[in-house]
Amino acid sequence: PRLPSLSLFLPLSNVPQKDARPEDQTAYKQLISELSWFMTSLFGFGSVQDPSTGEMYRLPGGMEWRVYVEVPSCTAGDDPAADLELFLGQVPILKYIGIPRLISPTE
């Protein structure tokens, strides 16, 4: 029997360009750092603790997870494969929870 599935969608398309203000670049780096922490905690350890309340959230067992991330365009030019590689370097847990692949908008 198939496991019930749960999908997680992360839209991250609004990325500052290389010539953006330094504070925008800093905010983006902080966002990616927090996202990496969240994803590592959630998928690596199976739970996440809310830093403001201390409450713990755990992954439900017996489910198949599908994680979809709208990878930001971070490289010069229009190279989605290079963007994916760069993003996987920034959020490395995504390499270990499945098989990262590009999905075209028509899929």
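Residues numbered from 1 in each chain as written. Predicted model: local features only at pLDDT ≥ 70, side-chain atom pairs only at ≥ 80, totals over all residues. Heavy atoms only, no water.

1. Here we look at the overall build of the chain
Thinking step 1. Helix and strand counts for the chain stand at three helices and four strands.
Thinking step 2. The order of helices and strands in the chain, counted from the N terminus, is β-α-β-β-β-α-α.
Thinking step 3. Every one of the 107 residues in the chain was classed for burial, and the buried ones make up 21%.
Thinking step 4. Expressed as a percentage of contacts within the chain between residues at least 6 apart in sequence, the contacts between residues at least 24 apart total 54%.
Thinking step 5. Entry remark: accessible area of the chain is about 7700 Å², with carbon and sulfur atoms responsible for 56%. (Helix = DSSP H or I, 4+ residues; strand = E, 2+ residues; numbered from the N terminus. Buried < 20%, exposed > 50% of the residue type's maximum accessible area, 1.4 Å probe, protein only. Contact = heavy atoms within 4.5 Å. Areas by Shrake-Rupley, 256 points an atom, 1.4 Å probe, with all protein chains shown as cover.)

2. A few points about the pattern of salt bridges
Thinking step 1. Within the structure shown, the criterion is met by two salt bridges.
Thinking step 2. For Arg66, the salt bridge is made with Glu64, and the minimal N-O distance between the two is 3.0 Å.
Thinking step 3. Judged by its relative accessible area of 29%, Arg66 falls in the partly exposed class. (Salt bridge = Lys/Arg side-chain N within 4 Å of Asp/Glu carboxyl O.)

3. Re the environment of Pro80
Thinking step 1. As for its placement among the helices and strands, Pro80 is situated in helix H2 (residues 80-90).
Thinking step 2. Sequence separation of Pro80 and Ile103 is 23 residues, and the distance between their C-alpha atoms is 9.8 Å.

4. Looking at the nonpolar core
Thinking step 1. Ranked by internal contacts, the top residues of the largest apolar core, which has 15 residues, are Leu35, Met39, Phe87, Val91 and Leu94.
Thinking step 2. Counting residues per element, the ones that place at least two in this core are helix H1 (22-45), H2 and helix H3 (93-96).
Thinking step 3. Counting residues per element, this core draws most heavily on H1, which supplies six residues.
Thinking step 4. Ignoring sequence-local partners within four residues, the contact set of Val91 consists of Ile32, Leu35, Ser36 and Met39. (Core = buried A, V, L, I, M, F, W, Y, C linked by side-chain atoms within 4.5 Å.)

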